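Observations on the three-dimensional arrangement
Take a look at the letters that make up each chain.
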Amino acid sequence: MATVIYNVPAALLADYHGRPAIARGQNPAALPTVLAAADWENLVYLQLPLSPATVDELAQWREPVPLDLVLTEPVQHYPLLYRCSPLLDHCSIRVSIPVTPGFSKAVKLAVSLQFAVKLEITPPEPVLIEELAQVLKLYLHRSTVAQPIEPFHSSLLAFFHQQPVNLWTIQEEDPAMFRHVTEPGEERLPGRLSDIPAQADSGAFAEAWRRQLLAENSECGGCPFLEYCGGYFKWPERAFRCDGVKMLFGMLQQAATELRQDLATFSAAQGDDAP
């Protein structure tokens, strides 16, 4: 059975002692007291907004905990990332960036500063597909990119190993592995499913959703990438057309194929050179 990771308000973190947790806060200055009683071994991330109102406090942060900096206004606020680069001396950092027009500027700066990136990639408008493709090419081909850009990184590994991992899991929205806890302490499903209260059988959501889409004879029925997507972009609007998404998955699949071929060629050459 998969271990469940709870996304909880920082003020409730002590209630989840002994369980993996992502603690979300708003005011960095108020968090040291909360963290003093935290189970640091099970703290997956401390999730904080990166904005003009928080950057001064974040720049002074010295606690050695993994940070997830949420850049809710990527076009306006991405230069704030410069101020946070010294944090890498004592923290691992991920920057969560919503996929909105112009988001690629924030991604390029984040990876140049050696931050990992997680794209908040809800069903994208067609105008955003080209920008997503540019970011994917950056990840695949720019030699200076040393940090993962999700969901591309985990999807590429899944294609390479030919062991599908779907986007519900990669994007931390699979109820079998993630739960969201509200400010009053109510447990709900994660991410885009957070309007749904958690039920005893909700951990099987991703598989039930996939079966439902197949039963409806939807676009997913003939899709070669269903096992790697899980119908992620069909929620909540089943009519979403996945042409652009399929193009991105195709790029990842091709890159994984070429990587396997390159490694096979290298291994063969090493064997030929052996005495």
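The sections below set out a description of the structure shown in this document. (Residues numbered from 1 in each chain as written. Predicted model: local features only at pLDDT ≥ 70, side-chain atom pairs only at ≥ 80, totals over all residues. Heavy atoms only, no water.)

What follows covers the pairing of strand 1 (residues 5–9). Two faces make up the sheet, and in a regular strand the side chains alternate between them. Among the 5 residues in strand 1, 5 count as buried, and that is most of the element. Taken together, the 3 bridges between strand 1 and strand 8 (residues 178–181) define a ladder with parallel strand orientation. Paired with I5 across the two strands is F178, which belongs to strand 8. Strand direction decides the pairing type here: strand 1 and strand 2 (residues 21–24), joined by 4 bridges, are parallel. Residue pairing for strand 2: Y6 is matched across the bridge by A21. (Buried < 20%, exposed > 50% of the residue type's maximum accessible area, 1.4 Å probe, protein only. Helix = DSSP H or I, 4+ residues; strand = E, 2+ residues; numbered from the N terminus. Pairing = 2+ DSSP bridges.)

Below, the discussion takes up the nonpolar core. Among the nonpolar cores identified, the biggest contains 86 residues, and L67 and L119 are the most heavily contacted of them. Counting residues per element, this core draws most heavily on helix 6 (residues 126–141), which supplies 8 residues. Excluding anything up to four places from it in sequence, L67 contacts Y45, L46, L48, W61, L87, C91, S92, I93 and R94. (Core = buried A, V, L, I, M, F, W, Y, C linked by side-chain atoms within 4.5 Å. Contact = heavy atoms within 4.5 Å.)

Moving on: the layout of surface pockets. The method is simple in principle: a probe with the dimensions of a water molecule rolls over the atoms, and the space it marks as empty is what remains. The space that makes up the largest pocket amounts to roughly 460 Å³. For the largest pocket, the lining is made up of 25 residues, of which N7, Q47, K118, E120 and G191 are closest to its centre. Residues of the lining of the largest pocket, tallied by class, amount to 7 nonpolar, 9 polar and 9 charged. In this model, the second largest pocket occupies a volume close to 280 Å³. Lining the second largest pocket are 14 residues, and of these L140, L156, A255, A256 and L259 lie nearest its centre. Of all the secondary-structure elements, those providing two or more residues to the lining of the second largest pocket are helix 6, helix 7 (152–161) and helix 11 (243–273). At 7 residues, the largest contribution of residues to the lining of the second largest pocket is made by helix 11. (1 Å grid on protein atoms, 1.4 Å probe; cavity = no way out; pocket = protein on both sides within 12 Å on 5 of 7 lines; lining within 4 Å. Points joined across faces, edges and corners; volume = space filled by probe spheres on them. Nonpolar A, V, L, I, M, F, W, Y, C, P; charged D, E, K, R; others polar.)

Looking now at the packing of aromatic side chains. The tally for this structure, following the rule as stated, stands at 12 aromatic pairs. Ring geometry for Y232 versus F233: centroids 5.3 Å apart, planes at 90°, classification edge-to-face. Per residue, the accessibility class of Y232 equals that of F233, and both read buried. Of note, R19 hangs over the ring of Y6, and the distance from its end group to the ring centre comes to 5.1 Å. Seen from the ring of Y232, R192 lies directly overhead, with NZ or CZ sitting 4.1 Å from the centre. (Phe/Tyr/Trp six-rings, centres within 6.5 Å; stacked < 30°, edge-to-face > 60°. Lys NZ or Arg CZ within 6 Å of the ring centre and 35° of its normal.)

To continue, consider the environment of W209. Residue position: W209 is located in helix 9 (residues 205–215). Once the C-alpha coordinates of W209 and G230 are considered, the two residues, 21 residues apart in sequence, prove to be 7.9 Å apart. For W209, the contacting residues outside a window of four places in its chain are W168, G230, G231, K234, W235 and R238. At 2.9 Å, the side chain of W209 and the backbone oxygen of G231 are in polar contact. (Polar contact = N/O pair within 3.5 Å; in protein donor to acceptor, adjacent residues only side chain to side chain.)

With that settled, the discussion passes to the packing of helix 6 against helix 7. Direction vectors running N to C along helix 6 and helix 7 enclose 65°, while the axes themselves pass 11 Å from each other. Of the two elements, helix 6 crosses helix 7, and the hand of that crossing is right-handed. Of the residues in helix 7, those touching helix 6 at L132, V135, L136, Y139 and L140 are F152, H153 and L156. In terms of residue class, the contact of helix 6 with helix 7 is made up of 7 nonpolar, 1 polar and no charged. (Axes fitted to C-alpha atoms, helices over the stretch in contact; angles between N-to-C directions. Left-handed = near helix turned anticlockwise from the far one by under 90°.)

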